[in-house]
Amino acid sequence: DDDGDGDVESKVARLHREIQSFQRKQRETIAARRKYEEMFQTVVQEGEAQRVELEEERRHFEEYKREEMQQLRKEKKIFNTHREASRNVPNKRDKERIERLSEENDRLLEEVEELKGKMKRDSARAAARYAALEEENRQLKEEVAILEKRRIQSMKQHQEQSQQSQRPWQDSKLPQRTRTADQGENDAIVEEAASQMRRMMLENKSTTQDSNNSNGLHSANMHPVSYQNKQGQVKQSDKVQKKMVHDDGSIETHYNNGTIKRVNSDGSKTIKFFNGDTKDVLNDGTIVYYYSEPQTTHTTYADNTEVFEFANGQVEKHHSSGVKEIHFPDQTIKYYFGDNEEETVFSDGSTLRILPNGDQAITYADGRKELHTQNFSKRTYPDGTVKVVYADGRQETQYADGHIRVKNSEGEVVVDTIAQIE
C-alpha cells in the first residue's frame, strides 16, 4: 500500500507539473495569439495603406501618361508641320537667286528714295525761285512806272525850257548851251535807267522760263544772268548843282538829278546815282557797280573777269576765257565751259556733267556712276556691278562675281551665266 500511495502521489505530482506546464504553455499560446493578432492587424493596416498608395500612384501615373500623350501628339504635329515646311525650303541655288534679287530690290528702292528726295528738293527750290522772281518782277514794274512818270515830267520840263530858250537869257548866270545840254543828259539818264529796268524784267522772265524747263538734276535757278550795259553814267555835260573840295584832296560833285560823284585824291572814283545805285572805280581798273533795287553787286576786273553777287547769296563769275561759274545758296556749283558743255557739283558731293553731244555723266557721293546717252544708260556700283539699259528696253547686268544676266525688252531673262553653269 505504501508503494501504491507513493506511485499515486508521484503521478499526481507529475500531473500537477504537467497541468502547470500546460497552463504556462496556454498562457504563452494566448500571449502569442494576441501578438499574432496584433501583427495581423498591423499587416492588414499596412496592406490597406499600400493599396491606397498604389491606387494614388496609379492615378498619378494615368494623369502623367495622359499629359505625355498630349505632348507627344503636339510634338508629332509640330514635327509633321516642320517636315512639310522643310520640303518647301529652297535649295542652295534658289537661295543665291533670292539673295541677289533682294540686293537688287534694295538698290532700286534706295535709288527711288534718292530720286524722290531730289525731285522734292528741286521742286521746292523752283517754287521758291519762282515766288522770288514774281516779287522781283512786281517791284521792277513799280520802279519802271515811277521812272516812266519821271521821264514824262522831265520831257515836259525840257519842252518848257526849250520854249524859253528861244528868248534871250538876260538874267541867267549860265550860258544857254549849258542849260539845254544838261536837261538833255538828265533825260538820257532817266531813259537809260528805265531801259535798264525793262531789260532786267525780260531777263528775269527768261530765267524763270529756263528754270521751269530744267530737268530734276538741275537747280531751279542755275542760269547765268548778264548785266552788261546796265550801269548809269555821269557825263561831263550833266548839270552841276555844287562842287566841293575836301581837305583830303577829294572832289565831290552834286548834279541836278541827285547823282553825286566823288573823285578821291588817289584817283579812285565813287558815284551815287539818283536811283540808289553806286559805282566805284578803283585804281587797278576794277569797277564795282551796286544795283540798289535787286541788291546785286557787279564787279568787273582789269582782265575782264566779271563777278555778280545777288541778294539771295548766289555768286556768278564770268571769266575772260568764256567759262562761267555759278555758286548757289545751297552750296551747289555750276560751270559753263562753252560748246554746250557744263558741269554741276551738288552740295552732297554728287556731280553732273553734260557733254557737247548731249550725253550726261553723273557721279554720286556714295561712289555710284551713271552715263546717259541716246542709245543706252549705264550705271556702275561701288562693288563693281555694272547695269546697262538700252533704248529698246533690253537690260544687261554684270555683277562683281562675274555673273551676267541679260533681259530682253519684255523683261524676260535670256542669258544667265550662273544658271547655265548650274
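Below, the structure is looked at part by part. (Residues numbered from 1 in each chain as written. Predicted model: local features only at pLDDT ≥ 70, side-chain atom pairs only at ≥ 80, totals over all residues. Heavy atoms only, no water.)

## Points about the environment of aspartate 277
One can find aspartate 277 in the loop between strand 4 (269-272) and strand 5 (278-281). In this structure the C-alpha to C-alpha distance between aspartate 277 and glutamate 293, which are 16 residues apart in sequence, comes to 8.0 Å. Polar contacts involving the side chain of aspartate 277 include one to the main-chain amide nitrogen of serine 292, which spans 2.8 Å. (Helix = DSSP H or I, 4+ residues; strand = E, 2+ residues; numbered from the N terminus. Polar contact = N/O pair within 3.5 Å; in protein donor to acceptor, adjacent residues only side chain to side chain.)

## A word on the pattern of salt bridges
Following the criterion strictly, the structure yields 21 salt bridges and no others. For glutamate 104, the salt bridge is made with lysine 387, and the minimal N-O distance between the two is 3.6 Å. Remark: lysine 387 occurs in strand 17 (residues 386-390) and glutamate 104 occurs in helix 2 (residues 92-165); sequence separation between them is 283 residues. Since its relative accessible area comes to 15%, lysine 387 is described here as buried. Glutamate 111 is paired through a salt bridge with arginine 379; the nearest N and O atoms lie 2.0 Å apart. Of this pair, glutamate 111 sits in helix 2 while arginine 379 sits in strand 16 (residues 376-380), placing them 268 residues apart in sequence. When salt bridges that share partners are traced, they join Glu111, Glu370 and Arg379 into one network. (Salt bridge = Lys/Arg side-chain N within 4 Å of Asp/Glu carboxyl O. Buried < 20%, exposed > 50% of the residue type's maximum accessible area, 1.4 Å probe, protein only.)

## Observations regarding the pairing of strand 11 (residues 333-338)
Taken residue by residue, a regular strand's side chains alternate between the two faces of the sheet. Note: strand 10 (residues 324-327) against strand 11, four bridges, orientation antiparallel. Of the residues in strand 11, the one forming a bridge with isoleucine 326 is lysine 334. Hairpin connection of strand 10 to strand 11: five residues between the antiparallel strands, including glutamine 331 at a positive phi of 75°. With five bridges connecting them, strand 11 and strand 12 (residues 341-345) associate as antiparallel partners. Paired with tyrosine 336 across the bridge in strand 12 is glutamate 342. The antiparallel hairpin formed by strand 11 and strand 12 contains two residues in its connecting segment, where aspartate 339 sits at a positive phi of about 55°. (Pairing = 2+ DSSP bridges.)

## Section: a negative patch on the surface
Negative charge collects at one region of the surface, where Glu63, Glu67, Glu68 and Glu75 lie side by side. With respect to the element layout, glutamate 63 can be found in helix 1 (residues 2-87). (Patch = residues over 30% accessible without salt bridge, like charges linked within 9 Å, V, L, I, M, F, W, Y side chains within 5 Å. Areas by Shrake-Rupley, 256 points an atom, 1.4 Å probe, with all protein chains shown as cover. Lys, Arg positive; Asp, Glu negative; His and termini not counted. Charge placed at Lys NZ, Arg CZ, Asp CG, Glu CD.)

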